[in-house]
Amino acid sequence: MSATAAETQLNTTTKKIKKLKPARKQVKPGEVEKKEAPQTGKEYNIWYNKWAGGDREDSYSNKTKSQTRCSIKRDAGLTRANTTGNKYCCLFFARGCCPYGWECEYLHMLPDASTALPDTSKDCFARDKFSDYRDDMGGVGSFQRQNRTLYIGRIKETGTGAETEEVVRRHFKEWGEIEKIRVLQYRSVAFVTYVSELNAQFAKESMACQSLDNDEILNVRWATEDPNPTSKVAEKRRLEEMGREAIQAKMDPRIVDAVRSMRALEDGTVLEDDTDEDGRESKRQRLAEDTIDSLDEPYEPSPPPESQQPQSSGILSSDALEGLKYFAEIRKKNGLGSLAPPSKVAAVPPPTLGLGLGDYASDDE
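Predicted model, so just to flag it, every value in this text is computed and none were measured.

Caption draft 1: View of the overall build of the chain. The secondary structure content of the chain amounts to eleven helices and six strands. Counted over contacts in the chain with a minimum sequence separation of 6, partners at least 24 positions apart contribute 62%. Summing over all exposed atoms, the chain offers an accessible surface of approximately 27,100 Å²; the carbon and sulfur share of this is 54%.

Shown next as structure tokens:
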């Protein structure tokens, strides 16, 4: 069964490789009409990409529907970046308006979550991140926090919360694997959390000023940090696990195995994949298996010894006597047996019978 599954997976991978074709040109040069925002102030803020003082009036970019939209199934393909090794995606491809196609110097495909970018301070489009988010949570984002959640506003709800969630999922799953979606019913707001931050960055640019099923104009921003304590703990554990895996990937596998073995010995547990590099079992595992095999064998009592030493009934035990005999033999071998025995202690004369004069008083009397 496993061989069949592996063969099916290999065929699927081969088909995917065969389908990979040169990227097509999404638009022709000059086809997209460029409309500039009307001037509502005297200074143009490049941080917020709008005129200063026009917060109320200058909402042109958010109320105008995008003229193009990317389609991964139709537009994705090979570009020059696949041969040069550039790992960043094309921003205009995500927006659906790249006129270069296979001649583009950036990737025309979804970012690969398993591939690390050369610079973590840049997003998947090679744009520099900032130390903090903008007040309106727009723009590139911050490098101080890994944000995988998008805020989706101005959704036209025509059904229940479950129906709205299904519509949002259908439109946003094209840009990557979704972890969860939360819809605030009757508030026209949804939060979409992706498994990878790179997919969230791509989806933010792809769905900006786009519509779902009801010809609305979406307002896509970065979501603020979830105040739920449970979510904070889960996110902290996820980041710690990612950091641990990244460190282990950079370390020598022999050092990692040694640390795991030491921890297993301290905890008294047995590692499941305790094998050597060449596939042989380690010495510790072989000893454990030999012990288990010996316990599984039927118990056979050992035959009694032919001659047993009689147990001593005196003060000293038989072990003590054996020890004395052993030391006596050692003394003989070392030549200590010919030494003169220790002098005998003078015997104390037995007490005389009767009462003497000194028994009552001093010798003078």
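Next comes the rest of the description.
Caption draft 2: Just unusual backbone geometry, in detail. Of note in the backbone geometry, Arg-154 takes a positive phi value of approximately 65 degrees without being a glycine. The residue Arg-154 is located in the loop between β3 (149–153) and α6 (161–172) in this model. Unusually for a residue other than glycine, Tyr-186 sits at a positive phi of about 65 degrees. Here Tyr-186 lies in the loop between β4 (178–184) and β5 (189–194). A relative accessible area of 74% places Tyr-186 in the exposed class.

Caption draft 3: The arrangement of the sheet that holds β3 in detail. Read from one edge to the other, the open sheet built from four strands follows the order β4-β5-β3-β6, with strand pairing classed as antiparallel. Lying at the two open borders of the sheet, with one neighbouring strand each, are β4 and β6 (219–222). Across this sheet, the average inter-strand angle for adjacent strands is 20 degrees, counted without regard to direction. Pairing geometry for β3 and β5, over five bridges, is antiparallel. Residue pairing for β5: Gly-153 is matched across the bridge by Val-189. Here α6 sits on the sheet in contact with β3, β4 and β5, set at roughly 140 degrees to β4. In this fold helix α7 (residues 197–206) packs onto β3, β5 and β6, with an angle of close to 150 degrees to the strand it touches most, β6.

Caption draft 4: Main features of the nonpolar core. Counting 38 residues, the largest nonpolar core has Ile-152, Phe-172, Trp-175 and Tyr-194 as the members making the most contacts within it. Secondary structure elements with two or more residues in this core: α5 (91–95), β3, α6, β4, β5, α7 and β6. Ranked by residue count, the leading element in this core is α7, at four residues. Contact partners of Trp-175, with chain neighbours within four places excluded, come to Cys-70, Ile-72, Leu-110, Tyr-194, Asn-199, Phe-202, Ala-203, Ser-206 and Met-207.

Caption draft 5: The pattern of salt bridges, seen in detail. Overall, the coordinates contain 19 salt bridges when judged by the stated rule. A salt bridge links Asp-75 to Arg-74, with the nearest nitrogen and oxygen atoms 3.6 Å apart. Arg-74 sits in the partly exposed class, given a relative accessible area of 44%. In this structure, the salt-bridge partner of Arg-170 is Glu-166, at a minimum N-O distance of 3.6 Å. Placement of the pair is Arg-170 and Glu-166 together in helix α6, with a separation of four residues, close to one helical turn. Salt bridges sharing partners connect three or more residues here, namely Arg-95, Asp-123, Arg-127 and Glu-205.

Caption draft 6: Spotlight on the pairing of β5. For β5, the tally of buried residues reaches five of six residues, placing the bulk of the element in the interior. Where β4 lies against β5, six bridges are found, and the strand directions are antiparallel. In the sheet register, Ile-178 faces β5, and the bridge partner there is Tyr-194.

Caption draft 7: Representation of the state of the cysteines within the structure. With the rule as written, the count across this model stands at zero disulfides. Its sulfur unpaired, Cys-104 is 3.8 Å from the next cysteine sulfur, which belongs to Cys-90. Its relative accessible area of 5% is what places Cys-104 among the buried residues.

Caption draft 8: Summary view of the packing of aromatic side chains. If you walk through the whole model with that rule in mind, you get five aromatic pairs. By the ring-pair criterion, three or more aromatic residues cluster together here, those being Phe-93, Phe-125, Trp-175 and Phe-202.

Caption draft 9: The arrangement of the side chain of Lys-129 in detail. Note that Lys-129 resides in the loop between α5 and β3. Of note is the side chain of Lys-129, whose polar atom sits 3.4 Å from the side chain of Glu-197. Setting aside anything within four residues of it in sequence, one finds Lys-129 in contact with Thr-120, Ser-121, Lys-122, Asp-123, Val-140, Gly-141, Ser-142, Phe-143, Glu-197 and Gln-201.

Caption draft 10: Inspection of the side chain of His-171 at higher detail. Looking at the element boundaries, His-171 is found in helix α6. A polar contact is formed between the side chain of His-171 and the side chain of Arg-69, at a distance of 3.4 Å.

Caption draft 11: A look at the environment of Glu-225. As for its position among the elements, Glu-225 is in the loop between β6 and α8 (229–250). The contacts of Glu-225, once residues within four sequence positions are left out, are Arg-145 and Lys-232.

Caption draft 12: Focus on a nonpolar patch on the surface. There is a patch of nonpolar side chains on the surface, built from Ile-247, Met-251, Ile-255 and Val-259 and spanning about 330 Å² of accessible area. Looking at the element boundaries, Val-259 is found in helix α9 (residues 253–267).

Calculation notes
- Residues numbered from 1 in each chain as written.
- Predicted model: local features only at pLDDT ≥ 70, side-chain atom pairs only at ≥ 80, totals over all residues.
- Heavy atoms only, no water.
- Helix = DSSP H or I, 4+ residues; strand = E, 2+ residues; numbered from the N terminus.
- Contact = heavy atoms within 4.5 Å.
- Areas by Shrake-Rupley, 256 points an atom, 1.4 Å probe, with all protein chains shown as cover.
- Buried < 20%, exposed > 50% of the residue type's maximum accessible area, 1.4 Å probe, protein only.
- Pairing = 2+ DSSP bridges.
- Axes fitted to C-alpha atoms, helices over the stretch in contact; angles between N-to-C directions.
- Core = buried A, V, L, I, M, F, W, Y, C linked by side-chain atoms within 4.5 Å.
- Salt bridge = Lys/Arg side-chain N within 4 Å of Asp/Glu carboxyl O.
- Disulfide = S-S within 2.5 Å.
- Phe/Tyr/Trp six-rings, centres within 6.5 Å; stacked < 30°, edge-to-face > 60°.
- Polar contact = N/O pair within 3.5 Å; in protein donor to acceptor, adjacent residues only side chain to side chain.
- Patch = residues over 30% accessible without salt bridge, like charges linked within 9 Å, V, L, I, M, F, W, Y side chains within 5 Å.

Spatial relationships are all this shows, so hold off on functional conclusions.
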